Amino acid sequence: MGALLKQPKLLRQILVPVAGLSLLAASFSGAPAAVAAGTASISGTVQMQAGLNASMIIIDAYKDGLYVDETRIWSGSGTYTLDGLEPGIYKVKFSAYGDGGGAPVNVAEWYDDKELASSAQTISLTTGQAQANVSAVLNTGATVSGKATVPAGVDATKITVDATRDGEFSSYRASLNADGTYSLTNMVAGQYRLYFSWGSGFGQESSPSPIISSYLGGVNWPAATLVSVPKQGNVTGQNINLAPAGIVTGKVTVPAGVDVTKVSVYLSNAAKPSDPGGYTSPKANGEFSVGGLVPASYRVSFGWSGNDSPVLDTYYGPVGATQDTSTLVNVPPVQPVTGINQTLLAAAKIKGKVTVPAGFSAANILVMAKAPDGLAWMGSGQTDGTGAFSIGGLPAGSYKLEYSASNQNLLHQWHGQKLDASASTAVTVAAGGVLTVANEGLLPGAVVSGSLTLPASLAGEDSSVALVGPNGFSRYLNVDDNNSFSFDRLPAGTYSIEFNRSSGVSTNTEASFYKDKGESLGAASATPV
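Right, let's walk through the structure included here. (Residues numbered from 1 in each chain as written. Predicted model: local features only at pLDDT ≥ 70, side-chain atom pairs only at ≥ 80, totals over all residues. Heavy atoms only, no water.)

### As for the overall build of the protein chain
So the rule is basically this: We count a stretch as a helix when DSSP gives it H or I for four or more residues in a row; a strand needs E for two or more, and each element gets its number in order from the N terminus. Only protein chains enter the accessibility calculation, which uses a 1.4 Å probe; a residue is then buried when its area is under 20% of its type maximum, exposed when over 50%, and partly exposed in between. In this analysis, two residues are considered to be in contact whenever any of their non-hydrogen atoms come within 4.5 Å of each other. For the accessible areas, the method is Shrake-Rupley and the probe is 1.4 Å, while residue cover comes only from the protein chains on display.
A count of helices and strands for the protein chain gives 0 helices and 43 strands. Here the protein chain, with 529 residues, has 43% of them falling under the buried criterion. At a minimum sequence separation of 6, the contacts of the protein chain that also span at least 24 residues come to 67%. When the accessible surface of the protein chain is summed, it comes to about 26300 Å², and 52% of that surface belongs to carbon and sulfur atoms.

Written out as structure tokens, the structure is:
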């Protein structure tokens, strides 16, 4: 129990243990009442800087940091009014757009001539107030440009550059031109990291990346060069050489009826597992390709991307290959590695159903399959609303089943309503087989709860409670802000309650057991519950 502590004699109350816990569910009917429109307003004029054109200007109002209203000017200049506003603190944002909505022709600007929301001028409105002259002249933002040199034969137009601002977040994206040049426009001032990658950034490209994705000036975010961008400035010469990447292709074969597109293919650098590797899912025909790889030797693993896997996870190599017995794949730059084919074997599955007493929910109960020797986790599943569960992805073998309803006052059990793994009988499933086990009825737990009354000299100090039971059972917690405590999910038995035996509270008086038994009298003196 840790070091012996001395505590003052404490007054205590203990509540009668109960056999279960009633769950209370709050429900709400109807919709929230409609918020009455306000009577305040904000108005002003908006125009473009000389030489700029726009077909639409959007004016947004934010109250206490949240968007509340907008209005539009359907030309490059004009007046506006945001009405129906409630009293409060507002900020106003202006954005101009080209023909058909298009890309912004200016950097989004906040009143009064500020680039960021954090520095925008606030407008305080009272009931019925009409705040006029909230106006703006919209300007272009800053520009960052440069050139990316790509490996021979690479289509530069499929490469994207992203600029991400340090501090208050802003981001910008552009595709490279055919000659590798790029231009990021309408940027707010700040310091940026530039990241060059294959594709649009909105999903997987049909072809694997022939380049290694890179930051300007560094291999990762911390090492990247910070590019300083002044307000309405023009930063040029941000050039980069993009290195050729390795590419791996192959095919995954799965048992009949299995959706191969739900298989995940991972490539991990064998020498540097923590380095970024590669990931993809096969097409419907099982074919896959992974690009963007740093030339190195890789381990290739195949796994199921969801729950209840119908196939066994495996590594590339002989049937049943593990991480240690897998075949490494040497990946050079430019030249694709082909023929990385793997057949996945059908997995075994354990199915069953959990039942619960009236007043409890059979949903979301965790069921784990564990190895009989050492109780290593091998697989798990959660029950649905009916209590049914399925644990897939298992190799042939024997398993002990563990049931846990952590959010309900139900006992932690092993299959057969056993409280200890050693008393539970293991179940055995054949390779690729499906075993349906007998229903498991979870039993309600008992509850021991109470409160701890502290003398004024100990007010504000942490106080702990330990519940100690048979066969090495123990639980520990701190009392809450009301000096109350509660232990639930308890099997029937006799327990002792120990106060502040290992909480770390430093006082000059003695810790104690339930009903004012001093710690110096020994645990045998504790009044049992």
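From this point, the discussion proceeds with the structure in view.
### A few points about unusual backbone geometry
Negative phi is the rule for most residues except glycine; trans is the rule for most peptide bonds. Note that the residue after Tyr-111, namely Asp-112, is joined by a cis bond; omega there is 10°. Structurally, the position occupied by Asp-112 is in the loop between strand 7 (109-110) and strand 8 (123-125). Its identity as a non-glycine residue notwithstanding, Asn-186 has a phi of 55°, on the positive side. Residue placement: Asn-186 occurs in strand 14 (residues 181-187).

### Quick word on the packing of aromatic side chains
What characterises a pair of aromatic rings is the spacing of the ring centres plus the angle enclosed by the ring planes. Short version of the rule: Any Phe, Tyr or Trp ring, taking Trp's six-membered ring, that has another such ring centre within 6.5 Å forms a pair; planes under 30 degrees apart are called stacked, those over 60 apart edge-to-face, and the others tilted. Two conditions define a charge sitting above a ring: the NZ of Lys or the CZ of Arg must be within 6 Å of the ring centre, and it must be within 35 degrees of the ring normal.
In this structure the tally under the stated criterion is 12 aromatic pairs. Note on Tyr-195 and Tyr-215: the rings are 4.6 Å apart at their centroids and 45° apart in plane angle, and the pair reads as tilted. Within this pair, whereas Tyr-195 is found in strand 15 (residues 190-198), its partner Tyr-215 is found in strand 16 (residues 214-215), the two being separated by 20 residues in sequence. A relative accessible area of 27% means that Tyr-195 is categorised as partly exposed. Tyr-215 sits in the buried class, given a relative accessible area of 18%. Summarising the aromatic geometry, the rings of Phe-473 and Tyr-495 are spaced 5.4 Å apart at their centres and angled 70° between planes, so their arrangement reads as edge-to-face. With a gap of 22 residues between them, Phe-473 in the loop between strand 38 (464-468) and strand 39 (474-478) and Tyr-495 in the loop between strand 40 (484-490) and strand 41 (496-499) connect regions that are remote in the sequence. Connected via pairs of aromatic rings, a cluster forms that spans Tyr-62, Tyr-67 and Trp-110. Positioned above the aromatic ring of Trp-221, the side-chain terminus of Arg-193 is 4.2 Å from the ring centre.

### Some thoughts on the nonpolar core
The condition that has to hold: Definition used in this section: a nonpolar core is a set of buried Ala, Val, Leu, Ile, Met, Phe, Trp, Tyr and Cys residues joined via side-chain atoms within 4.5 Å.
Judged by nonpolar contacts, the single largest core of 28 residues is most densely connected at Val-161, Leu-176, Leu-184, Met-187, Leu-194, Phe-196 and Val-229. Broken down by secondary-structure element, the contributors of at least two residues to this core are strand 11 (142-149), strand 12 (159-165), strand 13 (171-175), strand 14, strand 15 and strand 17 (227-229). Considering every element that reaches this core, the biggest residue donor is strand 15, with 4 residues. The next biggest cluster of nonpolar side chains, apart from the first, holds 23 residues, and it includes Val-248, Val-260, Phe-288 and Leu-344.

### Thoughts on the pattern of salt bridges
Stated precisely, the cut-off is as follows: Throughout this description, the term salt bridge denotes a Lys or Arg side-chain nitrogen within 4 Å of a carboxyl oxygen of Asp or Glu.
Taken as a whole and judged by the stated rule, the model has 7 salt bridges. A salt bridge links Arg-193 to Asp-166; the nearest nitrogen and oxygen atoms lie 2.5 Å apart. Placement of the pair is Arg-193 in strand 15 and Asp-166 in the loop between strand 12 and strand 13, with a sequence separation of 27 residues. Residue Arg-193 is classed as buried on the basis of its relative accessible area of 9%.

### Overview of the environment of Lys-63
Here Lys-63 lies in strand 3 (residues 56-63). You can call Lys-63 partly exposed: its relative accessible area is 22%. For the pair Lys-63 and Gly-88, spaced 25 residues apart in the sequence, the C-alpha separation amounts to 6.7 Å. Among residues more than four places away in sequence, those in contact with Lys-63 are Val-68, Glu-86, Pro-87, Gly-88, Ile-89 and Tyr-90.

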